[in-house]
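Residue-level listing of the chains:
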Amino acid sequence: MPDYQHILSETHGRVGLVRFNRPKALNALNSVLMEEMFMALEAFDRDAEIGCLVVTGSERAFAAGADITEMAEASAVDMLLRDNGARWDRLRRLKKPLIAAVSGFCLGGGCELAMGCDMIVASESARFGQPEINLGVIPGAGGTQRLTRAVGKPLAMEMILNARFLTAEEAARFGLVNRVAPVETYLEEALALAQAIAARAPLAVRLAKEAVNNAFETYLADGLADERRAFYFLFSTEDQKEGMRAFVEKRPARWTGS
Ligand code: CAA
């Protein structure tokens, strides 16, 4: 494993875990942390021994947003030339499911990162918000789009225009997170969910993720056609034969990812 400055990267069975490790800045997402996170996630994504990915922060903060000190004095031209936003596209290119295990502050770019993951497991202390309006800007990494799709327009407007934070319980009620767990166990729960997904037929998991994400990218007719093609394609895999035979023979399936 490379010697990272602001993250820790570890494996738990077939799960790759990336922990943000910049506690003094509440895991603010500076360029180094972002680059290291993507390097680690992409390495897990390429590793055939890994079936699911998890990102997490600390109990106090998943991430308090993009690093404000890095951009406070930047001009529009600086921002355009740095184009840090382009880095966020790497999140969408990950093939394996990615779960955010969120506790404490999950704000700005931190909230956008969590929403860019495929699922969110939150601790009871998690607080979700897009407070960029307090800085005289707006979300710049997908917040206006993903939050609106997740919680609906009225609440997204209130959160983005008036910096309203959601508690974990509210986030669950409004469909932003999958589940809420005690602070002591939220990471364990996220890892257990990841382990369960990592134990499933890898090719089917990969195409299922792609098909669900398509629901946000295409017209319904195109999404349905893509889904049907992926469904038919899976009948060319060993895992489909094994999965259906195992059902008929009343035994657990043995997945090979082939
Ligand atoms: N960038 C850089 N440093 C940050 C930071 C951020 N986003 N958030 C917190 N920190 C730093 C603080 O400056 C402080 O550092 P020092 O100890 O060196 O002073 C340290 O983390 C601890 O923070 P606080 O003392 O402020 O802790 P608190 O408990 O009083 O408040 C907080 C916590 C409410 C999260 C507060 O820190 C805060 O409001 N942070 C900024 C949140 C924010 O605006 N995020 C959006 C960023 S812009 C963005 O993300 C753009 C985008 O869409 C990509």
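See the structure above.
Quick caveat, the model's predicted, so the values are computed rather than measured.

(A) Geometry of the sheet that holds strand β1 (residues 7–12). Reading across from one edge, β1-β2-β3-β5-β7-β10 is the order of the six strands in this open sheet, with mixed pairing throughout. Of all the strands in the sheet, just β1 and β10 (179–181) have a single pairing partner and so form its edges. Strand-to-strand, the axes of this sheet are offset by a mean angle of 20°, without reference to chain direction. As judged from the four bridges shared by strand β5 (residues 98–102) and strand β7 (residues 119–123), these two strands associate in the parallel manner. In the sheet register, A100 faces β7, and the bridge partner there is I120.

(B) Examining the pattern of salt bridges more closely. Applying the stated rule across the entire model yields 13 salt bridges. E10 is paired through a salt bridge with R19; the nearest N and O atoms lie 3.1 Å apart. The partner of R22 in a salt bridge is D67, with the nearest N and O atoms 2.7 Å apart. Here R22, found in the loop between β2 (15–20) and α1 (31–46), pairs with D67, found in the loop between β4 (61–63) and α2 (68–71); they are 45 residues apart in sequence, far enough to count as distant. Like D67, R22 is buried. Several salt bridges converge on common partners, so that one network encompasses E35, E42, R87 and R90.

(C) Region of the structure containing unusual backbone geometry. The residue L26 is not glycine, and still its phi comes out positive at about 50°. With respect to the secondary-structure elements, L26 resides in the loop between β2 and α1. Positive phi, normally seen in glycine, also occurs at K250, with a value near 55°. Looking at the secondary structure, you find K250 in the segment after α12 (238–248).

(D) Region of the structure containing helix α9 (residues 186–198). Taking 1.5 Å of rise per residue, the 13 residues of α9 would be expected to cover 18 Å, and the 18 Å separating its terminal C-alpha atoms lies within 8% of that figure. When α9 is considered as a whole, its buried residues turn out to be Y186, L187, A190, L191, L193, A194, I197 and A198. End-on, the buried residues of α9 take up no more than an arc of 160°, which puts them together on one face.

(E) Representation of the nonpolar core in the model. Core analysis: the largest hydrophobic core is formed by 45 residues, its most contacted members being V18, F20, V55, F62, V102, F128 and L176. Ranked by the residues each element gives to this core, the list is headed by α1, at seven residues. Listed in part, the 18 residues of the second largest apolar core include V54, A101, L193 and V205.

(F) How the structure looks around the site of the ligand. If you check the shell around the ligand, you find 22 residues, and the closest are R60, A66, G109, E112 and E132. Side-chain polar atom of R60 to an oxygen atom of the ligand: 2.8 Å apart, as the coordinates give it. One of the side-chain N or O atoms of E132 is found 2.8 Å from an oxygen atom in the ligand. Out of a free accessible area of 980 Å², the ligand has 60% covered by protein chains. A class-by-class count of the residues in the shell around the ligand yields 13 nonpolar, four polar and five charged.

(G) Quick peek at the sheet that holds strand β9 (residues 166–167). An order of β4-β6-β8-β9 is seen for the four strands of this open sheet, with the pairing classed as mixed. Of all strands in the sheet, those with a lone pairing partner are β4 and β9, marking the two edges. Bridge count between strand β8 (residues 127–129) and β9: two bridges; the pairing is antiparallel. Pairing of F128 across the sheet is with L166, part of β9. Packed onto the sheet, helix α5 (residues 109–116) meets β4, β6 (105–107) and β8 and runs at close to 85° relative to β6.

Rules and cut-offs
- Residues numbered from 1 in each chain as written.
- Predicted model: local features only at pLDDT ≥ 70, side-chain atom pairs only at ≥ 80, totals over all residues.
- Heavy atoms only, no water.
- Pairing = 2+ DSSP bridges.
- Helix = DSSP H or I, 4+ residues; strand = E, 2+ residues; numbered from the N terminus.
- Axes fitted to C-alpha atoms, helices over the stretch in contact; angles between N-to-C directions.
- Salt bridge = Lys/Arg side-chain N within 4 Å of Asp/Glu carboxyl O.
- Buried < 20%, exposed > 50% of the residue type's maximum accessible area, 1.4 Å probe, protein only.
- Expected span 1.5 Å × (residues − 1).
- Arc of directions from axis to C-beta.
- Core = buried A, V, L, I, M, F, W, Y, C linked by side-chain atoms within 4.5 Å.
- Near = heavy atom within 4 Å.
- Polar contact = N/O pair within 3.5 Å; in protein donor to acceptor, adjacent residues only side chain to side chain.
- Areas by Shrake-Rupley, 256 points an atom, 1.4 Å probe, with all protein chains shown as cover.
- Nonpolar A, V, L, I, M, F, W, Y, C, P; charged D, E, K, R; others polar.
- Contact = heavy atoms within 4.5 Å.

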